[in-house]
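# Geometric and topological summary
Residues per chain, in single letters:
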Amino acid sequence: MEPKDISRRKFIRATGLSATALTLGFYFSGESKASTIIKGEDAENYGVSLNSWIHIDTNGKVTIVSHRAEMGQGAYQAIPQMIAEELEVNLDEVNIIFGKGDTVKYGNQITGGSSTVRGTYKNLSKLSASAREMLITAAANKWNVPAAECYAEAGHVIHRPSGKKMHYGELVVDASKLEAPKNVQLKKIEDYKLVRKPLPRQDTPLKTNGTAVFGIDKTLPGMLYAMVERNPRLRGKVKSYDDTAALKVPGVKKVFKVTMKVFDTDREGIAVVAESTWAAMQGRKALKVVWDDTGFDYVNTEDIYKKMKAELQSKEGLSAKKQGDPDPILAQQKTKLDVVYETPYQAHACMEPLNCIAHHKGDSIEIWGPIQAPDWVQGDISQKMGVKKENVIVNMTFLGGGFGRKAFLDYTHEACLISKEAGAPVQVIWTREDDMTQGPFRPGVSYRAEGAVNNGEISAIKFRLCGQNIGHWMGSKKDVPNDSVLEGFQPHYFDSIKNISFSDVPFETPIPIMWWRSVYASTNGFAYESFMDELAIAAGKDPLAFRKQHLKSDRCQKLLDKVEEVSGWKNRKPKQGYGIAITECFSSTVAQVVKVSKDATGKIKIDKVWAVIDCGWYVNPDTVRAQVEGSIVMALGAATNHEIHFKDGLTVEKNFNTYRMPKINEIPPIEVFIMDNNEDAGGVGEPGLPPFTPALTNAIYDLTGKRIRKLPFDLAKV
Amino acid sequence: MAKITLKVNKKEHTIDADPQMPLLWAIRDIVGLKGTKYGCGVAQCGACTVHMEGQPVRSCSIPVIGAANKSITTIEGLSDDNSHPVQAAWIEEQVPQCGYCQSGQIMAAVALLQKKTSPTDADIDAAMQGHICRCGTYPRIREAIKKASKKMTVKG
Ligand code: FES
Ligand code: FES
């Protein structure tokens, strides 16, 4: 239910804002002092647009568009926070609305690759500063004074000598007729009022009283609900089905076969369209379907890992990066390391299972849902459904988690097909079991690492990765190496390790795979930083000092100094259970120290995690901390709790009883520190994840002498 | 189908539903309160937690007939202006990320604090263990519960 009937005053109290914020689809009109609600559909017509992001009405009410998905990472806050900074408005006095999918207006909207801030801040800061300058010029023209005598503050332009003052609403019409200035002065970091401040998120109050509208919460007049019984084998088909019993379930309206695209393959299922979610579920249960699995590969997890191991022993793979030549050095060495690391397949398991509403109206389609890439969906649906792009309207709701899964295009396509056939707006809801078993998954990846040390230094490293390549599903050539082989590896290692190579040993299975928070860094980080630890120990060096020795860049040194200081590394003694790891991805470097001990039962207990992130320029330190905390918890689950197995082509884990998430009692205290510098912005949502697992297993080695090379593992059975 | 009276947030709703329909779907699809979430459907995640006669229950696993005439409180019934001390503490600690699990987390925390005004860490572990947060907001949930406890004991 959207808060249609909530009074303005009440709403203000509810959100803790002195003006209005919105839940998706509706917001309060700035024109009227009463509680008029304007439909989200009209939102962009709201006020005068100074550019695609900034709209100001004649009363001075500012509306800022957040064009990226809000899936927990704080885009809903970060984008307006940086715009408001340069625009000179108070953040708690602006409306925030989600942008619809529109590449013309907003450019790239895919929320992925930790790109929301780092990919937009320069452009958005400039756009906002230039809007501010246009408002200042409009005021100066009105007053007939030099613009240099005017400045902007809190939604007003002020003439410094006379103290004259006008609010943006009085200026916006004139300002919008001006040419946007090309060269604008951006603020200095030390002058920031909003950016770099831990401001409370504007979406928080909507998430503590149940009013935030997620995809699954959205309703439309006349909307029907659908469930789909899909072939449980990952890419099997339908042979035949009997819907007699299903159609007798009260509330069930229609049953039909639906074929959606999973990359370039088809996934077939039977859709049950009904008057309620429950009726659709019951109808689905009553279906009798005979599946066609001809030509299907009955994959098994065990075979996958056996095969990957064999490939890593027998094949060199495609060379992805080579500096010097590790081979002759490794050949000479008597004492060299040669080990294999294994990481599992994982489900995204977003808390909000997949769902999507589509309304196919003939020559136009409107979509609502938890969508990470509204612009991609627009293009994809236009192409697959044969509807003009401008007639495909894609509305984002809040997302109950995304982690890469909701950037995929299967569920939106399926919803459109179902709405078309049903002739009504339809919400397709995936059960948890559907969501967990159908993929796409994070690929499980195995690594072979060979290396040697000489005089306390790394003399050669040779890494081979063997695992499915996500790029292949998107059409990239199979004879080029996976370009993600280096993800997670701190690039400054190349400054000191003169003989090093990375290669990709190609590996295919029929399992659909997709990005999962931090993508290949989530598994690479474990292999590479575990191996650094093994080399440090082989060299007889302190693992943290060993990293400092090999990462000579100023930023890495400062980062390592910081983690050394905050974790008390220097005062620790060996074998006390301290481990370190440092990884880089999406232009941010994170170092973590983990401290472990054994409890009375012999179980490994994680006592504490210290994390230091260098993400350059950032918007909201509290959001940065929250993202690193969340990344650590997600890494902890993937390292010690859960894994997706396949048996005869079926996904074994179906729900949280077997895909066991970490719980509150398993979470150690986490302390996060942010490096302050003036470097370019890096990512925040993902880079905190990769270093946790190797820091943990390195700590376990320090405590117990046991090296963990296969994930996940049981903390009770080390 | 059967006529069933539901008392949700002190308001009576007479609905016509399959008596076996889980309370969760009756609350969401028929009563129309969407704050209570579907996460697993099998009592494993806690996203659907509501109070029934003051006790936290998993609405996905209770047939709606079992809730007939009982007093049900959902997240919307706590307060719509975030004035409940647990909601206020959640905002102060900036707990939610995606927010999807938080209605259930908050309802569980409220039930805990009703039983134990000053819960220990072990009490928090015991009460909150069945509640999954995929975004990993657990450290903040713990802090928020402690903060809410302080607010409630000072008041009360
Ligand atoms: S939906 Fe009820 S416990 Fe998960
Ligand atoms: S806040 Fe996202 S699942 Fe808890």
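Computed from a prediction, not measured in an experiment: that's the story for all the values here.

This part is about the overall build of chain B. Looking only at helices and strands, one finds six helices and five strands in chain B. Shown N-terminal to C-terminal, the secondary structure of chain B runs as helices and strands in the order β-β-α-β-β-β-α-α-α-α-α. Expected size for 156 residues packed as a compact globule is a radius of gyration near 15 Å; at 15 Å, chain B falls within 12% of this value. Taking the principal axes of its C-alpha atoms as reference, chain B extends roughly 45 × 30 × 25 Å. Burial status across chain B gives 60% buried among its 156 residues. Considering only intrachain contacts with a sequence separation of at least 6, the fraction spanning at least 24 residues in chain B is 56%. Here chain B carries 19 positive and 14 negative side-chain charges, and the mean point of each set is 2 Å from the other.

Residue and element names in this part refer to chain A. Pairing is mixed in the open sheet, where four strands are placed in the order E3-E4-E5-E6. Since the sheet does not close on itself, it has two edges, and those belong to strand E3 (48-49) and strand E6 (94-98), each with one partner. Where strand E4 (residues 54-56) and strand E5 (residues 62-66) come together, three bridges link them in antiparallel fashion. Paired with Ile-56 across the two strands is Val-62, which belongs to E5. Together, E4, E5 and E6 form the strand contacts of helix H2 (residues 75-87), whose direction differs from that of E5 by roughly 135°.

All names here are of chain B. You can read the domains of chain B as domain 1 (2-77) and domain 2 (85-155). Once you take the C-alpha centre of each, domain 1 and domain 2 turn out to be 21 Å apart. Each partner contributes to the interface: domain 1 provides 15 residues, whereas domain 2 provides 13 residues. Between the two partners, domain 1 and domain 2, sit zero salt bridges. When residues of the side of domain 1 that touches domain 2 are traced back to their parent elements, those giving at least two are strand E3 (49-52) and strand E4 (55-58).

It is worth spelling out the interface of chain B and chain A at this point. Frequently, the measure chosen for interface size is the accessible area removed from exposure when the parts meet. Listed per partner, the contact involves 50 residues of chain B and 61 residues of chain A. Both sides of the chain B and chain A interface together cover about 4700 Å² of buried area, and 59% of this is carbon and sulfur. Our count for the contact surface shared by chain B and chain A stands at four salt bridges. Across the pair B:Arg140 and A:Asp622 runs a salt bridge, and its minimum N-O distance is 3.2 Å. Here chain B and chain A share 26 residue pairs in polar contact (both at pLDDT 80 or more) between them. Elements with a contribution of two residues or more to the side of chain B that touches chain A: helix H1 (23-31), helix H2 (75-78), helix H3 (85-92), helix H4 (102-115), helix H5 (121-128) and helix H6 (138-155) of chain B. The biggest single contributor to the side of chain B that touches chain A is H6(B), with five residues. Looking at the side of chain B that touches chain A residue by residue, the class counts come to 23 nonpolar, 15 polar and 12 charged.

As a further point, take the domain arrangement of chain A. Residue and element names in this part refer to chain A. Examined at the domain level, chain A breaks down into domain 1 (8-208), domain 2 (215-296 + 354-429) and domain 3 (315-345 + 441-717). If you average the C-alpha positions of domain 1 and of domain 3, the two centres end up 39 Å apart. With 24 residues of domain 1 at the interface, the matching set in domain 3 holds 24 residues. When the two sides are added together, the surface that domain 1 and domain 3 hide from each other amounts to roughly 1700 Å², 55% of it contributed by carbon and sulfur. Counting the surface domain 1 buries against domain 3, the share from its top three residues, Ser-114, Arg-118 and Arg-196, is 37%. Taken together, the connections running from domain 1 to domain 3 amount to two salt bridges. The partner of Asp-676 in a salt bridge is Arg-196, with the nearest N and O atoms 2.9 Å apart. Between the two partners, domain 1 and domain 3, sit 12 residue pairs in polar contact (both at pLDDT 80 or more). Put simply, the parts of the chain that give the side of domain 1 that touches domain 3 at least two residues each are H2 and helix H4 (121-143). Per-element accounting of the side of domain 1 that touches domain 3 gives the leading share, four residues, to H2. Each residue belonging to the side of domain 1 that touches domain 3 can be placed in one class, and the counts come to 11 nonpolar, eight polar and five charged.

Time to look at the nonpolar core. Membership of the largest hydrophobic core comes to 248 residues, with the highest contact counts inside it found for A:Leu135 and B:Leu6. Within the second largest apolar cluster, 30 residues are counted, among which are A:Val228, A:Leu354, A:Ile367 and A:Val428.

The subject of this paragraph is the environment of A:Ala69. Residues and elements named next belong to chain A. Along the chain, Ala-69 turns up in the loop between E5 and H2. As for Ala-69 and Lys-100, which are separated by 31 residues in sequence, their C-alpha atoms are 10.0 Å apart. Contact partners of Ala-69, with chain neighbours within four places excluded, come to Ala-75, Thr-111, Ile-371, Gln-372, Met-396 and Leu-399.

A few words on unusual backbone geometry. Residue A:Pro440 is reached from A:Gly439 by a cis peptide bond, and omega for that bond is -5°. If you trace the backbone, A:Pro440 turns up in the loop between helix H13 (432-437) and strand E21 (445-454). Within the chain, A:Asn144 stands out as a residue other than glycine whose phi angle is a positive 60°. Mapped onto the fold, A:Asn144 is located in the loop between H4 and strand E7 (150-153). Despite not being glycine, B:Asn9 shows a phi value in the positive range, around 50°. Inspection of the secondary structure puts B:Asn9 in the loop between strand E1 (2-8) and strand E2 (11-17).

All names here are of chain A. One open sheet holds the seven strands; their spatial order is E12-E13-E10-E20-E17-E18-E19, and the pairing between them is mixed. Of all strands in the sheet, those bounded by a partner on one side alone are strand E12 (252-262) and strand E19 (392-396). For this sheet the average axis-to-axis angle between neighbouring strands, irrespective of direction, equals 25°. Seen against the sheet, helix H11 (residues 374-385) touches E12, strand E17 (355-360), strand E18 (365-369) and E19 and runs at an angle of roughly 150° to E19.

Residue and element names in this part refer to chain B. With respect to the secondary-structure elements, Thr-137 resides in the loop between H5 and H6. We classify Thr-137 as buried; its relative accessible area is 1%. Dropping the residues within four chain positions of it, Thr-137 is found in contact with Val-95, Pro-96, Gln-97 and Gln-102.

Bridge count for E12(A) against strand E13 (residues 265-274) of chain A is 10 bridges, and the pairing is antiparallel. Bridging across to E13(A), A:Thr259 finds its partner in A:Glu268.

A few words on the packing of helix H16 (residues 521-538) of chain A against helix H17 (residues 543-550) of chain A. The relative placement of two packed helices is expressed as an angle between their axes plus a distance between the axes. Residue and element names in this part refer to chain A. Two elements in contact, H16 and H17, have axes whose closest approach is 9 Å; the angle formed by their N-to-C orientations is 105°. By the angle between their axes, H16 is roughly perpendicular relative to H17. Residues Glu-529, Met-532, Asp-533, Leu-535 and Ala-536 of H16 form the contact with H17, whose own contacting residues are Pro-543, Phe-546 and Arg-547. When grouped by side-chain class, the residues that make up the contact of H16 with H17 number five nonpolar, no polar and three charged.

Thresholds applied
- Residues numbered from 1 in each chain as written.
- Chains lettered and ligands numbered in written order.
- Predicted model: local features only at pLDDT ≥ 70, side-chain atom pairs only at ≥ 80, totals over all residues.
- Heavy atoms only, no water.
- Helix = DSSP H or I, 4+ residues; strand = E, 2+ residues; numbered from the N terminus.
- Rg over C-alpha atoms; globule rule 2.2 N^0.38 Å.
- Buried < 20%, exposed > 50% of the residue type's maximum accessible area, 1.4 Å probe, protein only.
- Contact = heavy atoms within 4.5 Å.
- Lys, Arg positive; Asp, Glu negative; His and termini not counted.
- Charge placed at Lys NZ, Arg CZ, Asp CG, Glu CD.
- Pairing = 2+ DSSP bridges.
- Axes fitted to C-alpha atoms, helices over the stretch in contact; angles between N-to-C directions.
- Domains from an automatic or database assignment.
- Salt bridge = Lys/Arg side-chain N within 4 Å of Asp/Glu carboxyl O.
- Buried area = accessible area lost by both parts, 1.4 Å probe.
- Polar contact = N/O pair within 3.5 Å; in protein donor to acceptor, adjacent residues only side chain to side chain.
- Nonpolar A, V, L, I, M, F, W, Y, C, P; charged D, E, K, R; others polar.
- Core = buried A, V, L, I, M, F, W, Y, C linked by side-chain atoms within 4.5 Å.
- Parallel < 35°, antiparallel > 145°, perpendicular 65-115°, else oblique.

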